[in-house]
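Spelled out, the chains give:
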Amino acid sequence: MYNADGLIDPFGRTISYLRVSVTDRCDFRCTYCMAENTSFLPKKDLLSLEELDRLCTVFIEKGVRKLRLTGGEPLVRKNIMDLVRQLSRHLKSGALEELTLTTNGSQLARFAAELADCGVRRINVSLDTLDPEKFRSITRWGDLNKVMEGIRAAQEAGLKIKLNAVALKDFNDRELPEMIRWAHGRGMDLTVIETMPMGEISVDRTDQYLPLSVLRASLQEQFLLTDIPYRTGGPARYVRVAETGGKLGFITPMTHNFCESCNRVRLTCTGMLYMCLGQEDVADLRSSLRGSESNDMVAAAIDEAIGRKPKGHDFVIDRRTKLPSVSRTMNVTGG
Ligand code: SAM
């Protein structure tokens with residue numbers, strides 16, 4: 001039973017987008033995301049795939065129209081395709097408009113065809129550099145070749161790809177023009193993201209942080225950028241790049257947040273619901289899920305949580321602010 005009224009928060013925003021971190025584990029250790037010696041949750045703490053399906057289904061019944069699987073790396077969760085296959089029934093029924101995922105691409109060669117077969121149409125692939133050595137250093141041990149193979153496989157399977165690159169000062173800022181040409185030349189849009197102060201990571205974020213206003217000004221020295229109203233349901237604001245014909249997105253949680261149009265909430269692999277990426281408040285859906293065979297309790301817990309969705313976040317990165325704005329790293333809540 002699709003709820004036409006949907007989920008509405010105290011600020012009148014309709015919540016129609018759920019991001020689900022299906023695992024906190026990742027096969028990379030991107031330096032801006034996690035510390036090298038990060039310890040992961042014991043497997044017993046994770047919701048089972050059946051429980052994740054049940055929770056997602058309640059959200060869909062309550063009006064969620066777009067669902068993104070993320071992580072950690074979603075494609076390293078054991079039997080993840082069973083969940084994707086299960087969830088795809090909501091695409092068939094029309095209750096869900098889009099089922100998608102954010103991935104580092106390392107496992108895509110293996111899964112791309114099956115994802116397409118399950119009705120996934122577009123995916124986001126995170127890629128911060130096209131240089132194999134730099135790739136290895138930013139991911140701490142990732143193999144760029146595997147990601148490239150994955151991207152090729154996804155395109156052959158008919159999946160539309162958007163690349164996401166975190167803009168990092170003195171790492172990829174000078175390379176971004178080449179990345180734009182490369183992505184657009186292969187039919188992919190590219191979105192750049194400001195690094196967010198999430199969790200202790202053992203490097204100084206102030207050294208990495210590049211405001212996208214600065215990046216945009218420097219890109220404008222070589223490209224003609226025109227704002228366009230294109231939206232994908234996420235926080236990116238897009239420009240058309242005249243020289244390539246492609247779209248370039250900017251996600252600017254630091255310099256300009258778009259909390260007023262926020263339409264999403266985030267579920268962790270342990271069943272905790274974060275109503276805002278940049279706040280600590282969390283709702284425990286696992287106990288309601290496990291507390292009753294009927295979905296009524298969990299549906300009520302979701303309503304109560306949405307009623308607590310905050311107006312916005314207030315991330316700060318500067319030399320005086322030593323503590324991260326939120327204590328958890330991005331792999332916990334899911335990017
Ligand atoms: N493993 C998958 C991937 O690489 O896309 C999904 C999870 S990953 C946490 C999602 C996205 O968050 C990636 O694009 C990653 O670069 C980004 N990310 C991680 N930590 C971040 C931070 N502190 N600030 C901004 N983006 C971050």
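Here we summarise the structure given alongside this text. These numbers were taken from a predicted model, which means no experiment stands behind them. (Residues numbered from 1 in each chain as written. Predicted model: local features only at pLDDT ≥ 70, side-chain atom pairs only at ≥ 80, totals over all residues. Heavy atoms only, no water.)

Some details on the packing of helix α1 (residues 49-61) against helix α2 (residues 80-93)
Using the following cut-off: To define axes, lines are fitted to C-alpha atoms, for helices over the stretch in contact only, and angles between the resulting N-to-C directions are given on a 0 to 180 degree scale. Counting from the N terminus, the helices are the DSSP runs of H or I reaching at least four residues and the strands are the DSSP runs of E reaching at least two. Working rule for angles: under 35 degrees goes down as roughly parallel, over 145 as roughly antiparallel, 65 to 115 as roughly perpendicular, anything else as oblique. Should the near helix be turned counterclockwise from the far one by less than a right angle, the crossing is left-handed, whereas a clockwise turn marks it as right-handed. Whether two residues touch is decided by their heavy atoms; if any such pair falls within 4.5 Å, the residues are in contact. We call Asp, Glu, Lys and Arg charged. Ala, Val, Leu, Ile, Met, Phe, Trp, Tyr, Cys and Pro are nonpolar, and the rest, Gly among them, are polar.
In contact at an axis separation of 10 Å, α1 and α2 are set at 25° when each is read in the N-to-C sense. One element, α1, and the other, α2, form an angle in the roughly parallel class. For the crossing formed where α1 meets α2, the hand is right-handed. Here Leu49, Leu52, Asp53, Cys56, Thr57 and Ile60 of α1 lie close against α2, whose contacting residues are Ile80, Asp82, Leu83, Gln86, Leu87, Arg89 and His90. Considered class by class, the residues forming the contact of α1 with α2 number 7 nonpolar, 3 polar and 3 charged.

Some details on α2
Quick note on the threshold: Buried means the residue's accessible area, taken with a 1.4 Å probe over protein chains only, is under 20% of the maximum for its type, while exposed means over 50%, and partly exposed covers the values in between.
What α2 keeps buried is the set Ile80, Met81, Leu83, Val84, Leu87, Ser88, His90 and Leu91. On its buried face, α2 is in contact with α1, β4 (66-70), β5 (98-103) and α3 (108-117). Of the residues one or two after α2, Gly94 is the one with positive phi, at around 90°.

Points about the side chain of Glu98
Rules: Definition of a polar contact: a pair of N or O atoms within 3.5 Å, with one able to donate and the other able to accept a hydrogen when the atoms are protein atoms, and with sequence-neighbouring residues admitted only if both atoms are side-chain atoms.
Tracing the backbone through its elements, the reader meets Glu98 in strand β5. Here Arg122 takes part through its side chain, which lies 2.8 Å from a polar atom of the side chain of Glu98. Those residues in contact with Glu98, other than ones at most four positions away along the chain, are Arg65, Lys66, Leu67, Leu91 and Arg122.

Focus: the nonpolar core
Test applied: Here, the term nonpolar core denotes a set of buried Ala, Val, Leu, Ile, Met, Phe, Trp, Tyr and Cys residues that are joined through side-chain atoms within 4.5 Å.
Leu18, Leu67, Leu127, Leu163 and Leu273 are the most contacted members of the largest nonpolar core, which totals 103 residues. When residues no more than four places from it in sequence are discounted, the contact partners of Leu273 are Leu18, Phe59, Val265, Arg266, Leu267, Asp281, Val282, Ala283, Leu285 and Ala305.

Here's the deal with the site of the ligand
Under the convention used in this document: Working definition: residue near molecule or strand if any one of its non-hydrogen atoms lies within 4 Å of it. Shrake-Rupley sampling with a 1.4 Å probe provides the accessible areas, and residues are treated as covered by the protein chains on show and by no other component.
The ligand sits among 17 residues. The nearest are Tyr32, Gly72, Glu73, Ser126 and Met196. Within the side chain of Glu73, a nitrogen or oxygen atom sits 3.1 Å from a nitrogen atom of the ligand. At 3.4 Å, a backbone N or O of Thr103 approaches an oxygen atom of the ligand. Protein contact buries 94% of the 550 Å² of open area that the ligand shows by itself. Grouping the constituent residues of the shell around the ligand by class yields 5 nonpolar, 9 polar and 3 charged.

What to know about the environment of Phe59
In this fold, Phe59 is placed in helix α1. Those residues within four positions of Phe59 in sequence are excluded, and the remaining contacts are Leu7, Leu18, Val64, Val265, Leu273, Leu285 and Ile302.

Examining the sheet that holds β4
In plain terms, the rule: In this scheme, strands are said to pair when DSSP sees at least two bridges between them.
Ordered in space as β9-β10-β11-β8-β7-β6-β5-β4-β3-β12-β13-β14, the 12 strands form an open sheet in which the pairing is mixed. Edge strands, defined here as strands with exactly one partner in the open sheet, are β9 (225-228) and β14 (282-284). Strand-to-strand twist of the sheet, defined as the mean angle between neighbouring strand axes without regard to direction, takes the value 25°. Alignment of strand β10 (residues 237-241) against strand β11 (residues 247-251), held across 4 bridges, turns out to be antiparallel. Paired with Tyr238 across the two strands is Gly249, which belongs to β11.

Focus on the pattern of salt bridges
In plain terms, the rule: The salt bridge definition used is simple: a Lys or Arg side-chain nitrogen within 4 Å of an Asp or Glu carboxyl oxygen.
Evaluation of the coordinates by the stated rule reveals 18 salt bridges. Glu51 is the salt-bridge partner of Arg290, the closest N and O atoms lying 2.7 Å from each other. Linking Arg290 in helix α9 (residues 286-291) with Glu51 in helix α1, this pair joins segments that are 239 residues apart in sequence. The partner of Arg328 in a salt bridge is Glu280, and the shortest N-O contact between them spans 3.6 Å. Of this pair, Arg328 sits in the loop between α10 (296-306) and α11 (330-333) while Glu280 is found in the loop between β13 (272-274) and β14, placing the two residues 48 residues apart along the sequence. Note on Arg328: relative accessible area 7%, which makes it buried. Judged by its relative accessible area of 41%, Glu280 is partly exposed. Linked by salt bridges that have partners in common, Lys66, Glu98 and Arg122 make up one network.

Concerning unusual backbone geometry
We note that Arg140 has phi near 75°; this positive angle belongs to a residue other than glycine. Here Arg140 shows up in the loop between α4 (132-139) and α5 (144-156). With phi around 60°, Asp170 is a residue other than glycine that occupies positive phi space. Residue placement: Asp170 occurs in the loop between β7 (160-167) and α6 (176-185). The class for Asp170 is exposed, based on a relative accessible area of 57%.

With respect to the environment of Glu98
For Glu98, a relative accessible area of 15% puts it in the buried group. Expressed as a C-alpha distance, the spacing of Glu98 and Ala305, which sit 207 residues apart in the sequence, is 23 Å.

What about the packing of α3 against α5?
Here α3 crosses α5 at 15°, and the two axes come no closer than 8 Å. With respect to their mutual orientation, α3 and α5 come out roughly parallel. Note that α3 runs across α5; the crossing there is right-handed. Residues Leu108, Ala109 and Ala112 of α3 touch α5, and the partners they reach there are Glu149, Gly150, Ile151, Ala153 and Ala154.

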